[in-house]
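Examination of the molecular architecture
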Amino acid sequence: MKLKALLVDDEIHILKNLQAVVPWDELGVEVVETARNGEQALEAARTHQPELILCDIRMPVMDGIAFLSALRELNSDAEVIMMTGYQDFSYVRSVIRYEVRDYILKPIDYDELGQTISRLADGIRERKTEQQTIQREWRQVFHLAYEKVLYDLLIDVGGSSARPFLKLHELSGEDLTFAMMLVDVADYSKKERNWDEKERKLWNFAVHNILQENLGQLGIPYSVLQVRSGEWCVLVERIPPETFDREECEGWGNRLRDAVSRFLKLSIRVALHPAPVSLDRLARTYKNLQRSLSLNAGLEETIIVPEKVKGQPDASQRLWDRIEEMVTGLKRCDRRKTEAALRELNESFRQLPDASYERVQPILHYLCLHLLREMRAMDVIGPDDESAFWSQIDRNPGIRETLAVINRLVDRSIDSVMKKKTSDVLMLSAKDYIERNLSSDLCIDTLADYLGISGSYFSLLFKQHFNETFVEYVTKQRMEMAKSLLAISDKSVTAIGQMVGYAERRYFTRVFSKYTGLLPSEYREQAQNHTDQPILTEWIEKELRG
C-alpha cells in the first residue's frame, strides 16, 4: 500500500535533503509535493490528501502551528512529524492538541527520521487495512439488509406495509425507482428433473455469479435476487435525475443472456419492464414479468412487457389473481384460504366464455409449473412424484384433465404442509436463504431476524433439524461449493473464496485445508488430474445432447 507524503519547510536545502536522503521507495512512501510555507502546504493537502506530513514550525506567511490548525479543520487525519531547530518545550506543547505524532530536532538525524517514518507508515497501513475491513463488512451487512427488504417487497411477505429501508441516500420511497428484469432459465423445469441436489445447486450458483459479475462490470447500482430455483430478479436503481433508458436496459438483458450462454451453454430468457418501477409496485411488476415469461415460453429474445391499461380487467387477469391467492395460501399454511382460492379457480375456468384451449393452456401450464416449484421449495413433493405429475402434464391433456391434475397437486400439498411442524417450515426457509446467499456474510442473527425468531431459538432449531451447528452447516455448504468450483472453473483461488463468502484468501485457504486436508491449489490439481473432462462440461454436453 503506497502512502503519500507532503514535505513543508522554508529552507530549500532541507527540502532537497529530505527528498534525496530518506529512502522513500523502500518505505513504500511517495513524496507528492513540497511546500515553502503553511499556505502552500494547506493547498497541497487539499489537493493530494497525504497520509504523512513532515512540517517545520518556523515559516513565513503561515507557520507550522497555524497550518496544523487549518489542516485539522479540513478533517485531515494525516500523521504529522514536526521539525524544529528550537528546543523550547513551549513549541512542542502548542502542537500536542493537533495530534502531532512526533517531532525531530534540527540538524536532522536522517537515520532516526527514517525509523520514525517507517514506524508511522506501518501504523497508517494497519489502520487503513482495519478501516477497509470494517467498511467492507459494513457494506456487506448493509447490502444484505437492503436486499432483504427488496426481496420481502418483491414477494409481498405478509402484505407488509413497513416503511422501506432506503440505501445510503436520503430519499422518500417515491423517489427511488428501479429498472426491473426477470431472468429465467429456459425449460428449467425439464432440466431440473435430470439434476441431483448438487447439480441443481451448482447450476443455480453458476448462473447467479455470472449475472453478478457482468452487472458489476457495468458500474451500476444493482441487486440480483434469486426468487426461486432457476429464477432471478435484477433491480437497477434509478435515482433522480437519472432517467430510465429502455434501450440501455435491453442492452443489459442481452449482455446477461450472452454471458450465460457463452460460459454455461444455458439459454436464459429475460423479461424487461418498459418503465421505472417504484417500491410499492415491485411485487405486482414481478408477477407480470413472471407471467409474461410463462406465456411466451417459445421466445428466447428479450421480452418487452407493455404497461397494462387500467380499467380493463379481463377473465385471464381474474385467473392469475386466483392462482396467486392459492399459492400464497399454500406458502402460509392457510388451508382455508388455499381451498377457497382453488374452488374459485375451478369456477373461473368453468365460466370462461368459449375459451379456446390455445388461450387457456399456457395459463394452466404456468400454474402447474408454479405449484411444482413452490412444492419443491417447501419440500412437500419428492422427485418420483414430481416426475409422475410432469408425465401427465407433458401428454398435453385437455383443460378438464389438467384441472384435475392441479386439484390433486393442491390437495396433496395442503396435506403435506399441514403435517409439517412450524419448526420444519422455518428451517426449510433457513436452508433456502443460506443457499441463495452463500457468497454473503451469513450469521445467526441475520437468519434469525429473517425468520422473525430469536437467535438462541434459531440455534436450537437448527441443531435439532440439521444435526449440526449453523457454522458447521454453512462451512460445509461453502466448502462443497468451493470444491466443485475448483474442479470445474479456471477462476483464481481468491475469486472462488470470495464467491463462497470468504473475502480473505488466507482465511479461505485455512478453512479449506482444515476441511479437505489439502490446499485449494492442491485440490484443484488433484481433481483435474482425476478426470479428463470437468464436471460442469459433462453436464453441459449432457444438456446439449438432451
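From a predicted model like this one, the values you see are computed outputs, not experimental measurements. (Residues numbered from 1 in each chain as written. Predicted model: local features only at pLDDT ≥ 70, side-chain atom pairs only at ≥ 80, totals over all residues. Heavy atoms only, no water.)

Okay, the packing of aromatic side chains next. Using the criterion set out here, one finds twelve aromatic pairs in the structure. With a centroid separation of 5.5 Å and an interplanar angle of 15°, the aromatic rings of Trp195 and Trp203 are classed as stacked. Trp203 matches Trp195 in its accessibility class, with the two residues each being buried. Consider the rings of Phe466 and Tyr473, whose centres lie 4.7 Å apart with planes at 40°: the pair is tilted. The same class applies to Phe466 as to Tyr473, namely buried. The ring of Tyr502 carries the charged tip of Arg478 above its face, separated from the ring centre by 5.4 Å. (Phe/Tyr/Trp six-rings, centres within 6.5 Å; stacked < 30°, edge-to-face > 60°. Buried < 20%, exposed > 50% of the residue type's maximum accessible area, 1.4 Å probe, protein only. Lys NZ or Arg CZ within 6 Å of the ring centre and 35° of its normal.)

Here we come to helix α16 (residues 422-436). In this model α16 runs 21 Å from its N-terminal to its C-terminal C-alpha over 15 residues, within 8% of the 21 Å that 1.5 Å per residue would give. Taken residue by residue, α16 has Leu426, Met427, Leu428, Ala430, Tyr433, Ile434 and Arg436 as its buried positions. (Helix = DSSP H or I, 4+ residues; strand = E, 2+ residues; numbered from the N terminus. Expected span 1.5 Å × (residues − 1).)

All right, on to the sheet that holds strand β1 (residues 3-8) then. With parallel pairing, the five strands of this open sheet are ordered in space as β2-β1-β3-β4-β5. Every interior strand has two partners, whereas the edge strands, β2 (29-35) and β5 (102-105), have only one. The mean inter-strand angle of the sheet, taken between neighbouring strand axes irrespective of direction, is 20°. Note that strand β3 (residues 52-56) and strand β4 (residues 79-84) share five bridges and pair parallel. If you follow Leu52 over to β4, its bridge partner there is Glu79. (Pairing = 2+ DSSP bridges. Axes fitted to C-alpha atoms, helices over the stretch in contact; angles between N-to-C directions.)

Running from N to C, helix α19 (residues 470-488) and helix α22 (residues 520-529) cross one another at 60°; their axes reach a closest spacing of 8 Å. Between α19 and α22, the crossing angle belongs to the class labelled oblique. Two packed elements cross with a definite hand, and for α19 against α22 that hand is right-handed. Here Lys483, Leu485, Leu486 and Ala487 of α19 come into contact with α22, specifically with Pro520, Tyr523, Arg524, Ala527 and Gln528. Across the contact of α19 with α22, the residue classes break down as six nonpolar, one polar and two charged. (Parallel < 35°, antiparallel > 145°, perpendicular 65-115°, else oblique. Left-handed = near helix turned anticlockwise from the far one by under 90°. Contact = heavy atoms within 4.5 Å. Nonpolar A, V, L, I, M, F, W, Y, C, P; charged D, E, K, R; others polar.)

Taken as a whole and judged by the stated rule, the model has eleven salt bridges. Here Lys491 makes a salt bridge to Glu213, at a shortest N to O gap of 2.8 Å. Placement of Lys491 in the loop between α19 and α20 (493-499) and of Glu213 in helix α8 (residues 197-216) is noted, with a sequence separation of 278 residues between them. For Lys491, a relative accessible area of 27% translates into the label partly exposed. (Salt bridge = Lys/Arg side-chain N within 4 Å of Asp/Glu carboxyl O.)

With that settled, consider the nonpolar core. Met427, Ile434, Phe458, Leu485 and Phe508 are the most contacted members of the largest nonpolar core, which has 38 residues in total. Listed by contribution, the elements that provide at least two residues to this core are α8, α16, α17 (444-451), α18 (455-466), α19, α20 and α21 (505-516). Per element, the largest residue contribution to this core is ten residues, and it comes from α19. In this structure, Leu485 is in contact with Leu202, Phe205, Ile496, Met499, Val500 and Arg524, ignoring residues within four places of it in sequence. By size, the runner-up hydrophobic cluster in this structure holds 29 residues, among which are Trp320, Ile323, Phe389 and Ile406. (Core = buried A, V, L, I, M, F, W, Y, C linked by side-chain atoms within 4.5 Å.)

Attention shifts here to the confidence of the model for the protein. Considering every residue of the protein, the mean pLDDT works out to 79; 79% of them sit at 70 or more. For the stretch residues 158-173, pLDDT sits under 50, and the model shows 24 contacts to residues farther than four places along the chain or on other chains. In this model, residues 539-546 is a region of pLDDT below 50 whose contacts with residues beyond four sequence positions or in other chains number 13 contacts. (pLDDT = per-residue confidence, 0-100.)

What follows concerns the environment of Leu6. Residue placement: Leu6 occurs in strand β1. Overall, the relative accessible area of 1% leaves Leu6 in the buried class. Sequence spacing of Leu6 and Ile53 is 47 residues, and the spatial spacing of their C-alpha atoms is 4.8 Å. Once you skip the residues sitting within four places of it in the chain, Leu6 turns out to touch Glu33, Thr34, Ala41, Ala44, Ala45, Pro50, Leu52, Ile53 and Leu54.

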